Every structure is written in C-alpha cells, then in structure tokens.
Amino acid sequence: MEDLPIIPGFKLLSKVGDGGMATVWRAWDNANDRIVAIKILRDEFASDEDEVRSFRTEERLMEEISHPGVVHAYDCSNEGGRWFYVMEFVDGYTFADLLRRKQHVKESDCLLICESVAAALDSAWNDHGVVHCDIKPENIMINTEGVVKMTDLGISHRFEYKEGPQDVPEHVLGTPAYISPEQVYGDVELDCRADIYSLAATLYHLSTGRILFPGLENDDMMRAHCDDTAQANDPRAYRPELSESFCQLLEAMLVKNRDNRVATWADVFEMCRDIEHGVRFKLRDATNAPSSIKLL
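This report concerns the structure included in the present document. The numbers attached to residues start from 1 for each chain and follow its sequence in the written order. Per-residue local features of the predicted model are confined to residues with pLDDT of at least 70, and side-chain atom pairs are confined, for both listing and counting, to 80 or more; whole-chain, interface and lining totals are unaffected and use all residues. Hydrogens and water are ignored here; the side-chain numbers use all heavy atoms of the structure.

1. Looking at the pairing of strand S8 (residues 140-143)
Only protein chains enter the accessibility calculation, which uses a 1.4 Å probe; a residue whose area is less than 20% of its type maximum is buried, one above 50% is exposed, and one in between is partly exposed. Comment: elements are numbered from the N terminus, with helices defined as DSSP H or I runs of at least four residues and strands as E runs of at least two. Every second residue of S8 is oriented toward a common face, with Ile140 and Ile142 on one face and Met141 and Asn143 on the other, all of them buried. Only strands that DSSP links by at least two bridges are regarded as paired with each other. In this sheet, S8 lies alongside strand S6 (residues 92-94) in antiparallel orientation, the contact comprising three bridges. In the strand pairing of S8, Tyr93 is matched with Ile142. As paired strands, S8 and strand S9 (residues 148-150) are joined by three bridges and run antiparallel to one another. In the strand pairing of S9, Ile142 is matched with Val148. Linking S8 back to S9 in an antiparallel pair, the connection comprises four residues, with Gly146 at a positive phi of about 85 degrees.

Structure representation (structure tokens):
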C-alpha cells in the first residue's frame, strides 16, 4: 500500500487521482474543519522551474475564477521542497467514469453538461480571458447534488491580443481526441472558440459512446481535426434517438475554421435552451464551412 504523503495541517485520507505530473488526494483540513482535495506535484518535477510555474499558474487561475462550475482552489504552498495546492473536494465522479459504466449519455444530460460548461467557461473567458484548452470527459465532473464542474486548468491559456506574427508553441497542447484545429496548427492566439470545438467533440463522445476519429494514431487523429475532408458519422448513425437540433448544434460547434464556428458561449447556452424548449432551427450558414461531422 502506498504511503500517505505528509502535509502539515492536513490529514491525507485516500488518493482520488493519479496523473503524469501530479497526484490528487482527499484530505481533512485541520484548520477549517472540512474535507478538501490536495494536488501534489510529483517530486521529479518539483525542481523544474517551468513545471512549477505551470502548477502555480493553474492554482492561481482556479482561485481567481469564482464560479460554481469551476473547481475552486484555496492556496498553493511548498513544504520541504514539495509543491501542492488545496482545492475544494468534489464528491462525485467524472463523465469519463460514467461513460465506462453506461457507454453513452442521454441527450438531456448532454444538454445539461453543455449549458453548465458554457456558463462556467463564459465566466472564465469574459472575466479572465482564460481558455481551458483541455476539455474532455475526464475533466468534467458532477457532484452528488447534480452540479457540473470543470477541473484541471493545467494547460489553460490566458488570452493576450498581439499584432503581427504569433508565437508558435514547440509542442501541441491538448488531448488528440478532442483538440481544436487551431491548437494543432498553433499559429493563432487561442480564444473561447477552441474550447467550444473541444466541448462539442466531448459531447459527440458522450452522446454516441465513440470519439470523432477512432482507430487513428495521435498524429493522424490531430490531422483529421484539421483536414476539411475528414468527417465523422452523423451521431444518429449510432444513436437514432438523438434529435436533429442536437446534432446540428454539434455540427456548428465542430466547424473546422473557427471564423465560421459558433462564436460565443452565450450562443451555445441559448441554443441548448432552444433545443430543450423544442425550437426547431437550422444552424449552418450559407458558407457551409466544413465540420468534423457530416449530417445526413
């Protein structure tokens, strides 16, 4: 059995997450008499300035974004060379967990997820200029009260408008199954439209039980997001019960050229509400810009 790390002021109870860079523990906060989660940077990265900077930036953003749909962080500290931060504990599960149990998520729940994420990331974007950059089932949680929460801002990006040539990152950041084309290209300043694409790729997976471009290696999968000729099946090919309006929403959010994609979180939220109220609409515009799905 793995030894529990020692963090002064806290009693660690059990491990709840294990990633490549950090581990997450359920813990008791002695000073505040509450259950919290503690994310601990792995020892091998504690002396890496870039990794520590990224870790601290993640905590700071989670502390700044005060929205019930984003997991809140309280404090980041270093004890004896060990970096960690304390955040709210979400008593619930991720939608990746739910997929493993149920294979797919019904449309009404997908709309709830879409609305909740749109509201949370609208706040992150409009109030803080933050793009999540890694929306996927593993990073969307739901607690026992039915509140959907975004987590893991480890590779998030804060928008800074720049004129002229953009800095191209050395490495593509994002998860290949859900990444936006502009993240793959790396030649533009990212904005909320990148997250809108990734949320739709996530919803496609949740609603059908299949990722957009299965059976491909990571590099080929990322190229498929960018290739105008690469299109996934209509979601109704797998789940005929899905509504036409829901599939049209995914199609519009998955337009490969962001200039023709749904542009704001407010638009996404309102379209979800329209679908719930039975409003029939046609989302695609006259440009008929290529999307990552092709509707029948």
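Moving on, there is more to tell.
2. Observations regarding the sheet that holds strand S4 (residues 73-79)
Taken in spatial order, the five strands line up as S1-S2-S3-S5-S4 in an open sheet, and their pairing is antiparallel. At either margin of the open sheet sits one strand with a lone partner, and together these are strand S1 (10-18) and S4. With direction set aside, neighbouring strand axes in the sheet form an average angle of 30 degrees. Both S4 and strand S5 (residues 82-88) contribute to a ladder of six bridges, which runs antiparallel. Here the axes come from fitting lines to C-alpha atoms, over the contacting stretch only for helices, and the angles between their N-to-C directions go from 0 to 180 degrees.

3. Some remarks on the nonpolar core
Residues Ile140, Leu199, Leu212, Met253, Trp265 and Val268 are the most contacted members of the largest nonpolar core, which totals 79 residues. Aside from chain neighbours lying at most four places away, what touches Met253 is Cys114, Ile196, Tyr197, Leu199, Ala200, Arg261, Val262 and Val268. Here the nonpolar core consists of buried residues drawn from Ala, Val, Leu, Ile, Met, Phe, Trp, Tyr and Cys, with membership extended through side-chain atoms lying within 4.5 Å. Of all hydrophobic cores here, the second largest spans ten residues; its members include Phe10, Ala27, Val36 and Phe84. It only takes one pair of heavy atoms within 4.5 Å for two residues to be counted as in contact.

4. Here we look at helix H7 (residues 244-253)
Across the ten residues of H7, nine count as buried, placing the element largely inside the fold. Three or more residues of H7 are buried, namely Ser245, Phe246, Cys247, Gln248, Leu249, Leu250, Glu251, Ala252 and Met253. Turning to H7, the residues buried within the fold contact helix H3 (107-128), helix H5 (192-208) and helix H8 (265-276).

5. Observations concerning the side chain of Lys149
Locating Lys149 in the fold gives a position in strand S9. A relative accessible area of 7% places Lys149 in the buried class. Within the local environment of Lys149, its side chain forms a polar contact with the backbone oxygen of Pro68, the two atoms lying 2.7 Å apart. Sequence-distant contacts of Lys149, that is, excluding residues within four places in its chain, are made with Pro68, Gly69, Val71, Glu88, Val90, Asn139, Ile140, Met141 and Asn143. Any pair of N or O atoms that falls within 3.5 Å is considered a polar contact. Within protein, one atom must be able to donate a hydrogen and the other to accept it, and sequence-neighbouring residues count only if both atoms are side-chain atoms.

6. Comments concerning the packing of aromatic side chains
Ring pairs shown here join Phe, Tyr and Trp side chains whose ring centres sit within 6.5 Å, with only the six-membered ring taken for Trp; geometry is labelled stacked below 30 degrees between planes, edge-to-face above 60, and tilted in between. Scanning the model with the defined rule gives one aromatic pair in all. An angle of 45 degrees between the planes, with centres 5.0 Å apart, marks the rings of Phe55 and Tyr85 as tilted. Residue Phe55 is located in helix H1 (residues 49-64), and its partner Tyr85 is located in strand S5; the two are separated by 30 residues in the primary sequence. The burial state of Phe55 is the same as that of Tyr85; both residues are buried.

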